[in-house]
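Here are the chains, one letter per residue:
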Amino acid sequence: MQNHAEHTQHAEHTYPGGHGAGGGASWAMAARATLHCLTGCAIGEILGMVIGTAFGWGNVATMVLAIVLAFFFGYALTLRSVLKSGVAFRTAFRVALAADTLSIAVMELIDNGVIALWPGAMDATLADVLFWGALAISLAVAFVVTTPVNKWMIGRGKGHAVVHQYHH
C-alpha cells in the first residue's frame, strides 16, 4: 500500500493543480465521474422504484428504498474498483464514502425531487409510460446538475479524485 505522500503526489499528477486548486478537473473528467455515480444510482433507484411499485408500497417507502439502494449500489461500484487495487476493505470503504457521498446525495436529491414534483409520476405504475419517462428524465436532470458538483470536487482533490489515487 502506498503512503499518503505518494497518494498526494499521484493526485497532483492526475489532477493539474493538485489539492485545493480550482479548475483542476476537466468537464470530461467530471462527466465520467458523474456517469460512474449515475450508474450505481440508477441501478438502485430503478430497482427500488420497481420493487416498491410492484409491491404496492406507498410513495415514501418506495422512495426511501430507492434512495437506500442508490447509495448501496453507488458505493458498491466504487468499492469494487478500489478493492481491485489491493487495499484493505476498510480503506476501500472509506475511499468509497469519501468519493461518492456528496455526488450520490446531490443526484438523489435532484432525481427524487423531479419525480416528486412531476404531476402524476408518484402515482404511475410499472406499466405506465409516465413511470419510465419521468424516471429517465429525472436521472438525466440529476446527471446535468451533479456534473458541476463533481468537477468542483475533483478540482480540489476530493470526490472521485480520491478513487483515482488507487488506480495504477
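Coordinates for the structure precede this section.
Bear in mind the structure is a predicted one, so any value in this text is a computation, not a measurement.

If you tally the helices and strands in the protein, you get six helices and zero strands. In the protein, the order of α-helices and β-strands from amino to carboxyl end is α-α-α-α-α-α. Across the protein, the fraction of contacts at a sequence separation of at least 24, relative to all contacts at a separation of at least 6, is 73%. Of the roughly 8400 Å² that the protein leaves accessible, carbon and sulfur atoms contribute 71%.

A cluster of nonpolar residues, Leu-83, Phe-89, Phe-93 and Leu-97, forms a patch on the protein surface that exposes about 340 Å² of accessible area. With three residues, the single largest contributor to the nonpolar patch is helix 4 (residues 89–117). Its place among the elements puts Phe-89 in helix 4.

Here the focus is the packing of aromatic side chains. Taken as a whole and judged by the stated rule, the model has five aromatic pairs. An angle of 50° between the planes, with centres 5.8 Å apart, marks the rings of Phe-71 and Tyr-75 as tilted. A residue pair is termed a helical-turn pair when its members lie 3 or 4 positions apart in one helix, as Phe-71 and Tyr-75 do in helix 3 (residues 59–83) at four residues. When the centroid spacing of 5.1 Å and the interplanar angle of 85° are considered together, the rings of Phe-72 and Phe-73 count as edge-to-face. Phe-73 gets classed as partly exposed once you look at its relative accessible area, which sits at 23%. Above the plane of the ring of Trp-27 lies Lys-151, whose end atom (NZ or CZ) is 5.1 Å from the centre.

The rules behind each value
Residues numbered from 1 in each chain as written. Predicted model: local features only at pLDDT ≥ 70, side-chain atom pairs only at ≥ 80, totals over all residues. Heavy atoms only, no water. Helix = DSSP H or I, 4+ residues; strand = E, 2+ residues; numbered from the N terminus. Contact = heavy atoms within 4.5 Å. Areas by Shrake-Rupley, 256 points an atom, 1.4 Å probe, with all protein chains shown as cover. Patch = residues over 30% accessible without salt bridge, like charges linked within 9 Å, V, L, I, M, F, W, Y side chains within 5 Å. Salt bridge = Lys/Arg side-chain N within 4 Å of Asp/Glu carboxyl O. Phe/Tyr/Trp six-rings, centres within 6.5 Å; stacked < 30°, edge-to-face > 60°. Buried < 20%, exposed > 50% of the residue type's maximum accessible area, 1.4 Å probe, protein only. Lys NZ or Arg CZ within 6 Å of the ring centre and 35° of its normal.

The values are spatial; any link to function lies outside them.
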